[in-house]
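# Working through the structure, step by step
What follows is each chain in one-letter form.
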Amino acid sequence: MADIARLVELIEPEVAALGLDLVRVKYFKGGEIGDEDFTLQVMAEDPATGQLVIEQCASLSHRISDKIDDLEEAGDVLLTDAYRLEVSSPGIDRPLTRVKDFTAWTGHEARVTLLNPVDTNRKTVQGDITSFDGETIVLNDRKSGEVSFPYSDVHSAKLVLTDRLIAATRPIDTSGADEILEEQED
């Protein structure tokens, strides 16, 4: 399997070189189209907008591909299986992978899977993040009420799509979307 820490070490400078922030690197079998190949998923965002536009995705994809190809040509093979590189924005119902994500999205609903159980042996909780002090997350769980757990116990977390989240999220850049180029007849 892939060494995610090594991949992050190689990908993060490529992301930073474009003025972007790395959100997540994930390597898994299959993909959205359900095939059997592996997917190297890289999520990044423009810190000014919290999103990526298509040109940023394309630029980052080329940089990552070139970096991995250069390493392979030098004999340093990072991924031995056939894989697809997927570069994307985290989206509106984004994963929460960093301390700053929990800080920025306090007050919004999240689904969190934990390494260690809370409240009657539950490892998955869902509800509004009510506070985060950099170490402890307090969440108003739909089933149990208020639960708290250390940030270090978070296995995975993701925002839940709600009307409040939609209202709070900056719209995707739609510049140029209303421009229709028509072929002129001579």
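In this text the structure is predicted, and so the values were computed from the model without any measurement.

## Some thoughts on the sheet that holds strand β6 (residues 136-141)
The 5 strands lie next to each other as β7-β6-β5-β4-β8, forming an open sheet whose pairing is antiparallel. Looking at strand neighbours, the two that pair on one side only are β7 (145-150) and β8 (154-159), the edges of this open sheet. Strand-to-strand twist of the sheet, defined as the mean angle between neighbouring strand axes without regard to direction, takes the value 40°. The pairing of β6 with β7 spans 6 bridges and is antiparallel. Counted as the bridge partner of Ile-137 is Phe-149 from β7.

## Structural notes on the nonpolar core
Ranked by internal contacts, the top residues of the largest apolar core, which has 22 residues, are Leu-7, Ile-11, Leu-40, Val-42 and Leu-60. Within the residue set of this core, elements represented by two or more residues are α1 (4-17), β1 (21-29), β2 (38-45) and α2 (54-73). With 5 residues, α2 is the single largest residue contributor to this core. Ignoring sequence-local partners within four residues, the contact set of Ile-11 consists of Leu-22, Val-25, Leu-40, Val-42 and Ile-64.

## Description of the sheet that holds β1
The strands making up a sheet associate through hydrogen bonds between their backbones, and the pairing can be parallel or antiparallel. Ordered by their spatial adjacency, 3 strands build an open sheet running β1-β2-β3, and the pairing between neighbours is mixed. The open sheet has two edge strands with one neighbour each: β1 and β3 (83-88). Ignoring which end each strand starts from, the neighbouring axes of this sheet average 15° apart. Where β2 meets β3, 6 bridges bridge the pair, whose relative direction is parallel. Each residue of the ladder has a partner; that of Val-42, found in β3, is Val-87. Contacting β2 and β3, α2 crosses the sheet at an angle of about 145° to β3.

Reading the values: the criteria
- Residues numbered from 1 in each chain as written.
- Predicted model: local features only at pLDDT ≥ 70, side-chain atom pairs only at ≥ 80, totals over all residues.
- Heavy atoms only, no water.
- Pairing = 2+ DSSP bridges.
- Helix = DSSP H or I, 4+ residues; strand = E, 2+ residues; numbered from the N terminus.
- Axes fitted to C-alpha atoms, helices over the stretch in contact; angles between N-to-C directions.
- Core = buried A, V, L, I, M, F, W, Y, C linked by side-chain atoms within 4.5 Å.
- Buried < 20%, exposed > 50% of the residue type's maximum accessible area, 1.4 Å probe, protein only.
- Contact = heavy atoms within 4.5 Å.

Just geometry here; none of it tells us what the structure is for.
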